[in-house]
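As a plain string of letters, each chain reads:
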Amino acid sequence: MPSTPSPTDRPRPPRTAAVIPAAGRGVRLGPGAPKALRVLGGTPMLIHAIRAMAASRAVSLVVVVAPPDGAPEVKHLLDEHALPEHTDYLVVPGGETRQESVRLGLEALPEDVAVVLVHDAARPLVPVDTVDAVASAVRDGAPAVVPALPLADTVKEVEPAGTPGEPEPVLATPVRARLRAVQTPQGFDRDTLVRAHAEVAVDGEGATDDAGMVERLGAPVVVVPGHEEAFKVTRPLDLVLAEAVLARRRANDGF
Ligand code: C5P
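First, a word on what this report is: a plain description of the structure on this page. (Residues numbered from 1 in each chain as written. Predicted model: local features only at pLDDT ≥ 70, side-chain atom pairs only at ≥ 80, totals over all residues. Heavy atoms only, no water.)

## Here's the deal with the overall build of the chain
Within the chain one finds seven helices and 12 strands. Against the compact-globule benchmark of 18 Å for 255 residues, the chain has a radius of gyration of 19 Å, which places it among compact chains. In terms of overall dimensions, the chain has C-alpha extents of about 80 × 45 × 40 Å along its principal axes. Restricting the contact set of the chain to residue pairs at least 6 apart, pairs at least 24 apart contribute 73%. (Helix = DSSP H or I, 4+ residues; strand = E, 2+ residues; numbered from the N terminus. Rg over C-alpha atoms; globule rule 2.2 N^0.38 Å. Contact = heavy atoms within 4.5 Å.)

Below, the structure written as C-alpha cells:
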C-alpha cells in the first residue's frame, strides 16, 4: 500500500515573493538619509513599503535590496519594527542602478518562488488591494502585470535642451486617453523576469521599469488599475502628501 506523504515531504505550492529595491540615494528629495530610510509618520519609508507587501496574504517572502554598504543597517531596522509573522524577510546589498539592484534581489530568491512582485521602496503607501490584484493577475496566467492610472496632465515629447532652462522644441503630443502612468508593485512570472534581466541589456542608468524590459523580450505585458495612494515619493512635496495620506488613514481608523 502506498504510504501517505508526511507534511515534510509533500511538495509545497509555488510561492509569491516581493523584491523591494531600496538602494537609491534619493537625490531629488534633497540632502539627508537615503530615501528609503526617510521617516514618514515616525516610521521609515522602507518599513511602510515592507508592511504594504507583507499585508498581502499572497506574499510569503519579502527581499529587501539595501544600499550596497547598508545591509547591516537595514537588517537592524527590520529587527526594530513589528512586521507580520506569516512572512519571511531577507536583506541583500544592492547595486549602482535600480536594474542591478532588482537583479541582485532576484538572485536571492529560493527555488520555490514562482511569482515575483517588484515594488519600489519609494511607494510606501500602496494599498493591499492593489498588491493583491497584481499578484492574482500573475497567478491567473499573465507573465507581466503593471498597475497604472490615466494621466491628469497632457504629455509632450520634446527634444531635451542641452542647457537646463532653455526652451525645448516639441516633437509630438501623444493622445492622452491612450497613456497610463505606471506604478509598482509590478508582478511577473519569475522565469520571464529572470530572462528579461539576463537578456535585455540596458545602457547608462539602466531600466527604470521592469515591465519595459519584459516588453523588449516580446512577452505580453498587461495593465490593471493602480491607486492614487501608490504614488512615488520623489520630491519634497511628495513627503507632505504622504504625511497627509497617513493622517487621513489614522483618522479613519479612529472611527
Ligand atoms: O530613483 P527612483 O525613484 O527611480 O528609484 C526607484 C526605486 O529604485 C527606489 O526604491 C530606489 O531605492 C531603488 N533603487 C535601487 N538601487 C539603485 C537605484 C534606485 O534599489 N541603485
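## A closer look at the side chain of Gln 183
Looking at the secondary structure, you find Gln 183 in the loop between β10 (180-182) and β11 (186-189). Reaching out from Gln 183, the side chain makes a polar contact with the backbone oxygen of His 227 at a distance of 2.9 Å. (Polar contact = N/O pair within 3.5 Å; in protein donor to acceptor, adjacent residues only side chain to side chain.)

## A word on the pattern of salt bridges
A full pass over the atoms with the stated rule returns nine salt bridges. The partner of Arg 103 in a salt bridge is Glu 107, with the nearest N and O atoms 2.9 Å apart. Remark: Glu 107 and Arg 103 occur in helix α3 (residues 98-107); sequence separation between them is four residues, near one turn of the helix. A residue is classified by how much of its surface remains accessible, and Glu 107, at 56% relative accessible area, is exposed. A salt bridge links Asp 120 to Arg 123, with the shortest nitrogen-to-oxygen separation between them at 3.8 Å. Taking the relative accessible area as the measure of exposure, Asp 120 reaches 9% and is therefore buried. A cluster of three or more residues bridged by salt bridges with shared partners is formed by Arg 98, Asp 120, Arg 123 and Asp 210. (Salt bridge = Lys/Arg side-chain N within 4 Å of Asp/Glu carboxyl O. Buried < 20%, exposed > 50% of the residue type's maximum accessible area, 1.4 Å probe, protein only.)

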